[in-house]
Amino acid sequence: MLEDKKLAPAQLGRVLVLGLGKSGQAVAEYLLPLVGGRVEALCVYGGTATEATLAWADAVRPQGAAVVFDSEEVAGEYDLCIASPGISQFGAFYQSALQASAEVISEVEFAWRESAADSVWVAVTGTNGKTTTTALVAHILQEAGLAACAVGNIGDTCIQAVAARKWTHYVAETSSYQLASTVDFAPQAAIVLNITPDHLAWHRSHEAYGQAKWKVLANLSRVPGAVAVIGAVNDETRAKVRELKAVPAAERGFAYVPIGAKGGLDKDMRQVCGAENAAFIDGEGRLTVALGGRVHSLLPQVDLLLEGAHNRENALAAAAAALAIGVDPSVVSAALASFQALAHRIEPAGEVAGVACFNDSKATNVDATLAAIGAFDPRRPIFLLGGRDKGTDLTPLVEACNAHAKAVVCFGEARERFLEAFAAGAAPGLQVLEAPGMEAALDAGLAAAQPGDVLVLSPACASFDEFSCFEERGDVFKQLVAERAAKAE
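Thresholds, definitions, all that
- Residues numbered from 1 in each chain as written.
- Predicted model: local features only at pLDDT ≥ 70, side-chain atom pairs only at ≥ 80, totals over all residues.
- Heavy atoms only, no water.
- Axes fitted to C-alpha atoms, helices over the stretch in contact; angles between N-to-C directions.
- Helix = DSSP H or I, 4+ residues; strand = E, 2+ residues; numbered from the N terminus.
- Parallel < 35°, antiparallel > 145°, perpendicular 65-115°, else oblique.
- Left-handed = near helix turned anticlockwise from the far one by under 90°.
- Contact = heavy atoms within 4.5 Å.
- Phe/Tyr/Trp six-rings, centres within 6.5 Å; stacked < 30°, edge-to-face > 60°.
- Buried < 20%, exposed > 50% of the residue type's maximum accessible area, 1.4 Å probe, protein only.
- Arc of directions from axis to C-beta.
- Pairing = 2+ DSSP bridges.
- Disulfide = S-S within 2.5 Å.

Draft legend 1. Layout of the packing of helix α16 (residues 395–404) against helix α17 (residues 415–425). As a packed pair, α16 and α17 sit with axes 10 Å apart at the nearest point and diverge in direction by 60°. Between α16 and α17, the angle is such that the two are oblique. Read as a crossing pair, α16 and α17 show a hand that is right-handed. Side by side, α16 and α17 meet where Leu397, Val398, Cys401 and Asn402 of the first sit next to Phe418, Ala421, Phe422 and Gly425 of the second.

Pasting the structure below:
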C-alpha cells in the first residue's frame, strides 16, 4: 500500500471502468497517466455509444485505454472494476463485470482510497436534503478556513477533487447508487438524514435501498473519533438510532448524534431515550448540539436564510458534523446564518403582481414536496404538482395540502392520478386545478392567487415528461416567472 494514501495499492493491476458517464470518464482520465505504471491495463466499457463518447474514445485509445461500446458482456479478467452509479448492481451489465473482476467498487470508494492519508471526509446521504446539507457542511468548513470542497453528486466527482490535490477536506454527497458498491469507505463523519421509498427500479426493493444507504456507517469504527449524525424524526432512521443505542459504545466504535426525535426537531434525544448526544432546537428556538459532554447553543432558527423545518434539520445535521471534526461553534453559527438557498430547493424565483414564487423543482418525490408544503406556515401557498409519476402513495400529499395549502394545480403525465387522489380526499376549502404542462400550471396558479400569496413549484414527480432534468424544469420555471413579472409591471 502507498503510505501517503488512504488505502491505495502500489499496483492496481488490470482495471475495468464500467460506464462512461461523468464519473466513468473522470475515473478513466485519472487512470490514464498510470497506464504502464500502477495500472497494467485499462479497459472501459462505455455502454451505448454516442457521438460524444465515441470522440472521447478516439482521444484516449492512443494513451493506452481499450474502449468497448454496445456490449453488456464483459470480456477478460480484471483485478479491479470501478462501476458508474447509473449501472444497477442487479443488472446484467454489473453482474457480468462482477464475474470478470476480483473486486467491484464505486467511484466514491476509489476516490477515498486514492485520497491523502490525512484527508478528512464527511459523507452525506438520505432520500431528501443531501445536496443542501452537503453544501452547508462545505460552507461551514470553508468559513473555518479549511481547504474544503463539496463533491459527489454536487460539484466535481470525488476522483476529480482528489486528483486536483488542493483539498484537505472532502464533503461528499453520496447516493444509494454510490454507496451500494463501497467496501472500505470510512469517513470521519457520516450524515444520514432520512430514508423513504425511492429509486426502487435501481435497487429492486426498499430493503436493498436502505441497506445501501446504511453502508455509509459500515467502517466508522475504524476511524478514531468518528461520528454518525442521524435524523431521528424519520421513522426508518430513528430505528437505526435505537439499534445503535443498544450496542455498548466500546463495541460500536463510534459516536452517534440523533437529530430531533419522533415528536419533532424540538425534542432532545438525551431526554427522550437517554442518548449520549443530540441535535435539536431548544425551548428558546436556538439550534443546539450536545456532543461529547458539551452543549453548543448555536444561532436562533429565525436567523437561518432557509425556509422550512427540513432545512432546520439540514442545518442541525451540518452543524453536528462540523463540530464533530473540530470546527469552532462560533464559526458554525456564523456560517449557518450566511448560507443561502441552493438553486431548485425552495429557491426564491421572483414575484408576479405581489405573488411570491418559489422554485422547488428538486422535489422529485412526495417526501421532498411534503417538506416544502409545511415550510411556509402560517401562509397557505399554491402548489404546482406534476410531471412524470413515480407511482408512490399520494395520501400523505393530499393530507398535507389540506392542512397547509390554499390551492394545488395538477399537471403533466401525473395529472390524472393526482386529480383522482385529490378528488377522493381533498378538504372542502382546498381548490384543485389542472393544467396540461408546467407553463399552463403556472398561469393557472397565478390566476388563482392574490397579492401576498405564495406560489411554489414543488412537483413530487420526475421531470422527464417535459424536461431533460429537474434543473432544466426549474430554470424554465424561473424564466417563465420573470417573463410574467415583466408583463405585470
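Draft legend 2. Summary view of the packing of aromatic side chains. Taken as a whole and assessed by the stated rule, the structure comprises five aromatic pairs. Measuring from ring centre to ring centre gives 6.0 Å for tryptophan 121 and phenylalanine 185, while their planes differ by 90°; the resulting arrangement is edge-to-face. Here tryptophan 121, found in strand β6 (residues 120–125), pairs with phenylalanine 185, found in the loop between α7 (176–180) and β9 (189–192); they are 64 residues apart in sequence, far enough to count as distant. Per residue, the accessibility class of tryptophan 121 equals that of phenylalanine 185, and both read buried. When the centroid spacing of 4.9 Å and the interplanar angle of 65° are considered together, the rings of phenylalanine 358 and phenylalanine 376 count as edge-to-face. You can see phenylalanine 358 sitting in strand β16 (residues 355–359) and its partner phenylalanine 376 sitting in the loop between α15 (366–373) and β17 (382–386), a full 18 residues away along the chain.

Draft legend 3. Up close: helix α2 (residues 51–60). Residues Thr53, Trp56, Ala57 and Val60 constitute the buried set of α2. Around the axis of α2, the buried residues are gathered within 100° of arc, so they sit on the same side. Pointing more than 90 degrees away from the buried face of α2 are the exposed residues Glu51 and Asp58. On its buried side, α2 packs onto α1 (22–31), β2 (39–45) and β3 (65–68).

Draft legend 4. Representation of the environment of glycine 425. Tracing the backbone shows glycine 425 in helix α17. Spatially, the C-alpha atoms of glycine 425 and glutamate 399 are 7.5 Å apart, while their sequence positions differ by 26 residues. Setting aside chain neighbours within four positions, we find glycine 425 in contact with Val398 and Asn402.

Draft legend 5. Looking closely at the sheet that holds β17. Here we have six strands laid out as an open sheet, ordered β15-β16-β20-β17-β18-β19, and mixed in their pairing. Two strands lie at the open edges of the sheet, namely β15 (347–352) and β19 (431–435), each paired on one side alone. Taken pair by pair, the neighbouring strands of this sheet meet at an average axis angle of 20°, ignoring direction. Taken together, the five bridges between β17 and strand β18 (residues 407–411) define a ladder with parallel strand orientation. What sits directly across from leucine 384, in β18, is valine 409.

Draft legend 6. Quick peek at the state of the cysteines. If you walk through the whole model with that rule in mind, you get zero disulfides. Note on cysteine 149: no disulfide assigned, nearest cysteine sulfur contributed by cysteine 158 at a separation of 8.4 Å. In this structure cysteine 469 is not part of a disulfide, and its nearest cysteine sulfur, from cysteine 461, lies 16 Å away. When its relative accessible area of 24% is taken as the criterion, cysteine 469 is described as partly exposed.

Draft legend 7. Fine view of the pairing of strand β14 (residues 294–300). Across five bridges, the pairing between strand β13 (residues 286–291) and β14 is antiparallel. When the sheet's bridge partners are listed, valine 289 is paired in β14 with histidine 296. Between β13 and β14, which pair antiparallel one after the other, the connecting turn spans two residues, and glycine 292 there sits at a positive phi close to 60°.

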